[in-house]
Amino acid sequence: MRSLDFSKWMLRIAIAIGATLCVLANGLHVTQGQAATLALFQTVSGHADQSAQTWTFSARKGQTIGVRVAIASGNLSALLDCSDATHQALAHGAVTAKSTTLDGIAIPADGTYTLTLKADNNTAGDFALTLLPGYSTLLMNDSMNGANRWQLWQQTQLTAQIADSKLRLQYTAANRFTWTTAEQIGALADGYLQADVRIERQSVYTEYGLLMRGVTQADGLTFYAFMLNSDGKYRFGLSTPAQFKVLQDWTPMGLPLTTDAVLGVLAQGDHFSLFYNGVPLATLTDSTLANGQIGLLIGTGAGDPTTASVLYSSVVLTAPHDT
């Protein structure tokens, strides 16, 4: 009788353990089936076949997003789609031999969006998927601690020097502005340029910003300039050696002016979208320049003497896959 009771007890334990393992297995399966959340600049790796894999990401209205799926092994031909919360398709990937890309996805509203990946026509292989701002090809991610991509100088009134993983632009003059360009990148048509910036020092007033499509002509550099100032205003225009053509005059951002900020400008054909800390400010149109260099800007205000000093770091440049 005691032996029979022991057998029943062991049977109950076996049943309980089996049930527990079943619950754990089901829980693991559910977790694997859930869509992972991606952030900008994040890369995820995996293996793709005919089973669909999904990821979600959050975005704001007016943002532009790019995605690259790099093929690491196998004969994988990856199908990639982006859809909104209502499952409405926003974009379909462009497939090449070594990658599948989504370029310049225009985000129509604040919310959560889904990327769906699967293999086409019985292909399979390993992949690496990366979510990027603007476009699908990362041309530059400069942390200012290695390669010298920028024009540097040290003069009495002007300084462009790299130290402590930051590029310092400093100008001592009244009502002037200057810039440094990354000539090694070459001429770029469509692209997204982003930089972290901090006002290090100012006597009275400071302007700072990003340069797009700079073209050297006989009398100097002509370029598009996205400028912020220490009054919390922004402007956009076409700078030539002779004049500054205003396309958007100084306008209050309507956002808090932060000590450390992220500036962004997206060039797409004749459209230019401006961003401050990821928030869209405006989209403007001009067709004067088709392509050119990128750069960083600094400007001063009235008064004598006046000094402005700005620190730039983490400069990012993305472009379409066919650049």
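Residues numbered from 1 in each chain as written. Predicted model: local features only at pLDDT ≥ 70, side-chain atom pairs only at ≥ 80, totals over all residues. Heavy atoms only, no water.

Observations regarding the overall build of the protein
In step 1: Along the backbone of the protein there are one helix and 25 strands.
In step 2: Counting across all 323 residues of the protein, residues that qualify as buried make up 42%.
In step 3: In the protein, 69% of the contacts between residues at least 6 apart in sequence involve partners at least 24 apart.
In step 4: For the protein, the exposed surface amounts to about 15,900 Å²; the carbon and sulfur share of it is 51%. (Helix = DSSP H or I, 4+ residues; strand = E, 2+ residues; numbered from the N terminus. Buried < 20%, exposed > 50% of the residue type's maximum accessible area, 1.4 Å probe, protein only. Contact = heavy atoms within 4.5 Å. Areas by Shrake-Rupley, 256 points an atom, 1.4 Å probe, with all protein chains shown as cover.)

Quick word on the side chain of S136
In step 1: Structurally, S136 is set in the loop between β10 (125–133) and β11 (137–142).
In step 2: In this structure, S136 is in contact with G66, V67, R68, T101, L102, D103, A319, P320 and H321, ignoring residues within four places of it in sequence.

Observations regarding the pairing of strand β24 (residues 293–300)
In step 1: Across the eight residues of β24, eight count as buried, placing the element largely inside the fold.
In step 2: A two-sided burial pattern is seen for β24, the buried positions comprising Q293, G295, L297 and G299 on one face and I294, L296, I298 and T300 on the other.
In step 3: Relative to β24, strand β15 (residues 177–181) runs antiparallel, the two being bridged by five bridges. If you follow T178 over to β24, its bridge partner there is I298.
In step 4: Here strand β17 (residues 206–217) runs beside β24; their pairing, made up of seven bridges, is antiparallel. Counterpart to E207 in the pairing with β24 is G299. (Pairing = 2+ DSSP bridges.)

Points about a nonpolar patch on the surface
In step 1: Taken together, the side chains of L40, F41 and L138 define a hydrophobic patch exposed on the protein surface, amounting to about 230 Å² of accessible area.
In step 2: Tracing the sequence through the fold places F41 in the loop between β1 (36–37) and β2 (43–48). (Patch = residues over 30% accessible without salt bridge, like charges linked within 9 Å, V, L, I, M, F, W, Y side chains within 5 Å. Salt bridge = Lys/Arg side-chain N within 4 Å of Asp/Glu carboxyl O.)

Observations regarding the packing of aromatic side chains
Given two aromatic rings, their pairing is described by the distance between the two centres and the angle made by the two planes.
In step 1: A complete count under the given rule lists nine aromatic pairs for this structure.
In step 2: Each residue in the set F177, W179, F223 and F244 is aromatic and connected to the rest through ring pairs, giving one cluster. (Phe/Tyr/Trp six-rings, centres within 6.5 Å; stacked < 30°, edge-to-face > 60°.)

Description of the pairing of strand β20 (residues 244–252)
In step 1: Where strand β19 (residues 233–239) lies against β20, six bridges are found, and the strand directions are antiparallel. Bridge pairing in β20 places F236 opposite Q248.
In step 2: Taking the residues between adjacent antiparallel strands as the criterion, β19 and β20 are bridged by four residues.

With respect to the pattern of salt bridges
In step 1: Overall, the coordinates contain five salt bridges when judged by the stated rule.
In step 2: E200 serves as the salt-bridge partner of R168, at 2.8 Å between the closest nitrogen and oxygen. Of this pair, R168 sits in strand β14 (residues 166–172) while E200 sits in strand β16 (residues 191–202); the two residues are 32 residues apart in sequence, bridging distant segments of the chain.
In step 3: Overall, the relative accessible area of 36% leaves E200 in the partly exposed class.

Brief notes about the sheet that holds β10
In step 1: Judged by pairing direction, the sheet is antiparallel, and its five strands sit side by side in the order β2-β10-β4-β8-β7 without closing on themselves. Whereas interior strands pair on both sides, the edge strands pair on one side only; in this sheet they are β2 and β7 (94–95).

Here we look at the side chain of T318
In step 1: The topology assignment puts T318 in strand β25 (residues 307–319).
In step 2: Since its relative accessible area comes to 0%, T318 is described here as buried.
In step 3: Within polar-contact distance, the side chain of T318 engages the backbone nitrogen of Y135 at 3.2 Å. (Polar contact = N/O pair within 3.5 Å; in protein donor to acceptor, adjacent residues only side chain to side chain.)

Considering the environment of T101
In step 1: Tracing the backbone through its elements, the reader meets T101 in strand β8 (residues 99–106).
In step 2: For the pair formed by T101 and L79, sequence separation is 22 residues and the distance between their alpha carbons is 9.4 Å.
In step 3: Ignoring any residue separated from it by four or fewer positions in sequence, one finds T101 in contact with V67, R68, G93, A94, S136 and H321.
In step 4: Among the polar contacts listed, one links the side chain of T101 to the side chain of H321, at a separation of 3.3 Å.

Focus: the environment of L138
In step 1: Turning to its location among the elements, L138 is positioned in strand β11.
In step 2: For L138, the contacting residues outside a window of four places in its chain are L132, V316, L317 and T318.

Topic: the nonpolar core
In step 1: Grouped together as the largest cluster of nonpolar side chains are 45 residues, with contacts concentrated most on W150, F226, L296 and Y312.
In step 2: Element by element, the count of residues in this core is highest for β25, at six residues.
In step 3: Counting 25 residues, the second largest nonpolar core, distinct from the first, contains F57, L80, Y113 and F127. (Core = buried A, V, L, I, M, F, W, Y, C linked by side-chain atoms within 4.5 Å.)

Looking at the sheet that holds β15
In step 1: In space, the six strands of this open sheet follow the order β15-β24-β17-β18-β19-β20, with antiparallel pairing throughout. Edge strands, defined here as strands with exactly one partner in the open sheet, are β15 and β20. For this sheet, the mean inter-axis angle between neighbouring strands, taken without regard to orientation, is 20°. (Axes fitted to C-alpha atoms, helices over the stretch in contact; angles between N-to-C directions.)

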